[in-house]
Amino acid sequence: DTRVPMGVRVDSVLRWLRLPPERRPHLVTLYSSDVDDSSHAHGPEAEPTAASVLGVDREIGRLVAGLDALPFRDSIYVIVVSDHGMSLSTPQQFVALETLVDTAGIRTADAGPSANLHVAGGAARARLVRDSIHRRIVHGRAYLRADVPARLHYRADPRIGDVVVVMDEPWQVGLGGRRPKQAGGTH
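Residues numbered from 1 in each chain as written. Predicted model: local features only at pLDDT ≥ 70, side-chain atom pairs only at ≥ 80, totals over all residues. Heavy atoms only, no water.

Caption draft 1: Focus on the pattern of salt bridges. In the structure shown here, the tally under the stated rule is seven salt bridges. For the salt bridge of D11 with R62, the shortest nitrogen-to-oxygen distance reads 2.8 Å. In this pair, D11 sits in helix α1 (residues 6–17) while R62 sits in helix α3 (residues 47–68), placing the two residues 51 residues apart along the sequence. When its relative accessible area of 34% is taken as the criterion, D11 is described as partly exposed. Residue class for R62 comes out partly exposed when judged on its relative accessible area of 34%. The partner of D157 in a salt bridge is R159, and the shortest N-O contact between them spans 3.3 Å. (Salt bridge = Lys/Arg side-chain N within 4 Å of Asp/Glu carboxyl O. Helix = DSSP H or I, 4+ residues; strand = E, 2+ residues; numbered from the N terminus. Buried < 20%, exposed > 50% of the residue type's maximum accessible area, 1.4 Å probe, protein only.)

Caption draft 2: Structural detail: helix α2 (residues 34–42). Along α2, the residues that are buried comprise D36, S38 and S39. Around the axis of α2, the buried residues are gathered within 170 degrees of arc, so they sit on the same side. The secondary structure elements touched by the buried residues of α2 are α3 and β8 (184–186). One or two steps after α2, the chain reaches G43, where phi turns positive at roughly 105 degrees. (Arc of directions from axis to C-beta. Contact = heavy atoms within 4.5 Å.)

Caption draft 3: View of unusual backbone geometry. A cis amide bond, omega 5 degrees, links E169 with the succeeding residue P170. Its place among the elements puts P170 in the loop between β6 (163–167) and β7 (172–174). You will see that H153, though not glycine, has its phi angle at about 50 degrees, which is positive. Inspection of the secondary structure puts H153 in the loop between β5 (140–144) and β6.

Caption draft 4: Highlighting the packing of α1 against α3. In the contact formed by α1 and α3, the axes pass within 9 Å of each other and the chain directions differ by 10 degrees. The angle between the axes of α1 and α3 places the two elements in the roughly parallel class. Here α1 runs over α3; the crossing is right-handed. Counted together, M6, G7, V10, D11, V13, L14 and L17 of α1 and E59, R62, L63, G66 and L67 of α3 form the full contact between these two elements. (Axes fitted to C-alpha atoms, helices over the stretch in contact; angles between N-to-C directions. Parallel < 35°, antiparallel > 145°, perpendicular 65-115°, else oblique. Left-handed = near helix turned anticlockwise from the far one by under 90°.)

Caption draft 5: Representation of the side chain of S89 in the model. Within the fold, S89 resides in strand β1 (residues 87–89). Relative accessible area serves as the criterion here: at 1%, S89 is assigned to the buried category. Side chain to side chain, S89 and Q172 meet in a polar contact 3.0 Å long. If we skip the residues at most four places from it in the chain, S89 touches P170, Q172, Q182, A183, G184 and T186. (Polar contact = N/O pair within 3.5 Å; in protein donor to acceptor, adjacent residues only side chain to side chain.)

Printed below as a string of structure tokens:
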């Protein structure tokens, strides 16, 4: 729940771990979207993002200090993971899908650094859509589902589009009505 501040979440975890052994959880996960939210809104290098990083770092420090105070600290494993990278993108680095292809019969299921296009009309129409995009796109590439590069570890995903558009960093693609209004971060 993003309405619950990170400090309150840390306090909750420490409270749970102080419960009697029969009531104490054996697995606890803790998530903070603060840095991701700030990076999307302001960009990865912006001052509000730096403040979010410091805030989350402070709370992780409080969590570790609280764990260190527990009598069973040597039985606790802490695993920290982070989101994948982020780039600053401007509204000028956005390509409206409608400028690349006739979108009739195409359902777009993502927008941003990539877009999944679910194309009505079968494999032949999907090839035509891919080829139309290739003729017009400058800062990206379109792939048929089977041709998505293996390095992206994506082509076996059951939700993948018939055509996948992958933009060069920091470009984005999507429906024109969804053009970002200001610079911000994108994965």
